[in-house]
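The lines below spell out each chain.
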Amino acid sequence: MLAASFGIFMITAQSSPNIALIKYWGNRDDALRLPAADSLSMVLDFPTVQAHIEPATTFTVRSYDHAGIEKPQNEASMQRLKKHWELSKQFLESIGQSQGIPQEVSITIRSGIPPAIGIASSAAVFSCLGEAYGALVKGKALTREQVSILSRIGSGSAGRNSFGGYVALKNHGEGIGSAYGRQIVDEHHWLLHDIIIVPSREEKKVGSTEGHALASTSPLFKERLEQIPRRMRECIDALQTKDFEKLQRVSEEDALDMHRVMQTQTPPLEYLSDATHRIIRDIEKLRKSDKLDVLYTMDAGPTVHLICTEDSRGAVETFAQQQKDCIVFKAKTGNASSIKNI
Ligand code: PMV
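What comes next concerns the included structure. Because the structure is a prediction, the values reported are computed rather than measured.

Cut-offs and rules
Residues numbered from 1 in each chain as written. Predicted model: local features only at pLDDT ≥ 70, side-chain atom pairs only at ≥ 80, totals over all residues. Heavy atoms only, no water. Axes fitted to C-alpha atoms, helices over the stretch in contact; angles between N-to-C directions. Helix = DSSP H or I, 4+ residues; strand = E, 2+ residues; numbered from the N terminus. Parallel < 35°, antiparallel > 145°, perpendicular 65-115°, else oblique. Left-handed = near helix turned anticlockwise from the far one by under 90°. Contact = heavy atoms within 4.5 Å. Nonpolar A, V, L, I, M, F, W, Y, C, P; charged D, E, K, R; others polar. Near = heavy atom within 4 Å. Polar contact = N/O pair within 3.5 Å; in protein donor to acceptor, adjacent residues only side chain to side chain. Areas by Shrake-Rupley, 256 points an atom, 1.4 Å probe, with all protein chains shown as cover. Phe/Tyr/Trp six-rings, centres within 6.5 Å; stacked < 30°, edge-to-face > 60°. Buried < 20%, exposed > 50% of the residue type's maximum accessible area, 1.4 Å probe, protein only. Lys NZ or Arg CZ within 6 Å of the ring centre and 35° of its normal. Salt bridge = Lys/Arg side-chain N within 4 Å of Asp/Glu carboxyl O. Core = buried A, V, L, I, M, F, W, Y, C linked by side-chain atoms within 4.5 Å. Pairing = 2+ DSSP bridges.

**Some details on the packing of helix H2 (residues 121–134) against helix H3 (residues 144–152)**
At a minimum axis separation of 7 Å, H2 and H3 run at an interaxial angle of 125°. Here H2 lies oblique to H3, going by the angle between them. Taken as a pair, H2 and H3 cross one another with a handedness that is right-handed. From H2, Phe 126, Ser 127, Gly 130, Glu 131, Tyr 133 and Gly 134 reach across to H3, where they touch Arg 144, Val 147, Leu 150 and Ser 151. Tallied by class, the residues present in the contact of H2 with H3 amount to four nonpolar, four polar and two charged.

This is the structure in structure tokens:
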């Protein structure tokens, strides 16, 4: 969509989080957010984030939470957003697409994601911004891979939102544009649900940006990098053939492996809580006794994502609702980030 070619400069983009089946943890280049290894996720349809941008004389950001209340940006998140904009201009310049790109932009973010619930809001926010920055381009429309790069520069996992369904983020060579998304199968191929159990809503103490930068201090990191190509192959095959058992085996193996790396890096990061471990144990028992197609996975927090098939959804939802002192959210396979107006 070429906003600038119509002389229209107010752009609204929409996106949602994704949940990784093969996790991204650690970078080969922290400043450019180039991941150390490939990753793969399911894009979710809920909750959504909208970003509205327009050219401005100074870079400004206003942000509103899920209740519509303005949430002032702290210094660190302001710097991250500004750096993302600067790197985005640098990338557009490097591909000869900087004509018509304003010097600065004014951004308004409206997030439907409740804070600290273990759903990656950064993926939704930065994929929204990547989508919006891409629509500023005056020349030939960007490819979805180029939009993915614009998103990835802000948050590695955001690079997996520029396609719908199941998306890999893959490394290709060197430089700012050398990691981008590729669709494995689209959102119509296999409907899966993500029943999200949130045991705690405390803000996490160490965010993923700091965590990625120290991943290589774990003695298990090298072995993790060696295992990922095989896991990627198995995960892709499981998705293409809709083999749930295979998907379950490989994604749980990878999630637990990522957490072992986190726990053994310096300083160690322990994101999982007693409640997380209890939920995992109980779902393992239930899956066996009731023959359910359900798998668990956790990102940088105690929240447990229970990914299941349509047939197993009812039982998994009932299990989730029975968890004491937990909040439950429901999402399913979703679409790519997109432009809403212009
Ligand atoms: O995109 P980031 O920097 O927020 O990193 C995401 C890291 C994990 O959520 C833990 C894993 C993943 O692949 O989404």
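**Here's the deal with the site of the ligand**
Looking at the ligand, there are 13 residues lining it, with Tyr 24, Ser 155, Ser 157, Arg 160 and Ser 208 nearest. In the model, an oxygen atom of the ligand is placed 3.4 Å from a nitrogen or oxygen of the Gly 156 main chain. Here an oxygen atom of the ligand sits 2.9 Å away from a polar atom, N or O, in the side chain of Arg 160. For the ligand, whose free accessible area comes to 380 Å², the fraction covered by protein is 97%. Its residues placed into classes, the shell around the ligand shows four nonpolar, six polar and three charged.

**Considering the side chain of Ser 39**
Here Ser 39 shows up in strand E5 (residues 39–43). A distance of 2.9 Å separates the side chain of Ser 39 from the side chain of Arg 160, its partner in a polar contact. Contact partners of Ser 39, with chain neighbours within four places excluded, come to Ile 22, Lys 23, Tyr 24, Arg 160, Val 167, Ala 168, Leu 169 and Met 232.

**Considerations on the packing of aromatic side chains**
Each pair of aromatic rings is reported with the distance of its centres and the angle of its planes. Across all of its chains, the model carries two aromatic pairs by this definition. Judged by centre distance (6.2 Å) and plane angle (85°), the rings of Trp 190 and Phe 244 are edge-to-face. Taken together, the residues Trp 190 in the loop between strand E10 (179–185) and strand E11 (192–198) and Phe 244 in helix H6 (residues 244–264) connect sequence positions 54 residues apart. Grouping residues by exposure puts Trp 190 and Phe 244 together as buried. Directly above the aromatic system of Tyr 64 lies the positively charged group of Arg 110, at a separation of 4.6 Å from the ring centroid.

**Looking at the pattern of salt bridges**
One pass over the structure, following the stated rule, counts 22 salt bridges. Ionic pairing is found between Lys 332 and Asp 45, a salt bridge with its closest N-O pair at 2.8 Å. You can see Lys 332 sitting in strand E14 (residues 327–332) and its partner Asp 45 sitting in the loop between E5 and strand E6 (49–56), a full 287 residues away along the chain. According to the relative accessible area criterion, Lys 332 is partly exposed, its value standing at 34%. The exposure class assigned to Asp 45 is partly exposed, which follows from its relative accessible area of 27%. Among the charged side chains, a network of salt bridges with common partners joins Arg 224, Arg 230, Arg 231, Glu 234, Glu 253, Asp 254 and Asp 257.

**Topic: the nonpolar core**
Within the largest apolar cluster, 68 residues are counted, with the highest numbers of intra-cluster contacts made by Leu 21, Leu 40, Ile 107, Leu 129, Tyr 133, Leu 239 and Leu 247. Top contributing element to this core by residue count: H2, with eight residues. The contact partners of Leu 21, leaving out residues within four places of it in the chain, are Leu 40, Ser 41, Tyr 166, Cys 235, Leu 239, Leu 247, Ser 251, Asp 254, Leu 295 and Ile 307. Among the nonpolar cores identified, the runner-up in size contains 18 residues, and Ile 279, Tyr 296, Cys 308 and Ala 320 belong to it.

**Some remarks on the sheet that holds strand E2 (residues 18–22)**
The pairing of strands in a sheet happens through backbone hydrogen bonds and is either parallel or antiparallel. The strand order across the open sheet built from four strands is E2-E5-E9-E10, with neighbouring strands paired in antiparallel fashion. Unpaired on one side and paired on the other, E2 and E10 mark the two borders of the sheet. Strand-to-strand twist in this sheet, taken as the mean axis angle between neighbours without regard to direction, amounts to 35°. Pairing analysis gives four bridges linking E5 to strand E9 (residues 166–171), with the strands arranged antiparallel. Residue pairing in the sheet places Ser 41 in a bridge with Val 167 of E9. H3 rests against E9 and E10 of the sheet, and its axis sits at about 125° to E10.

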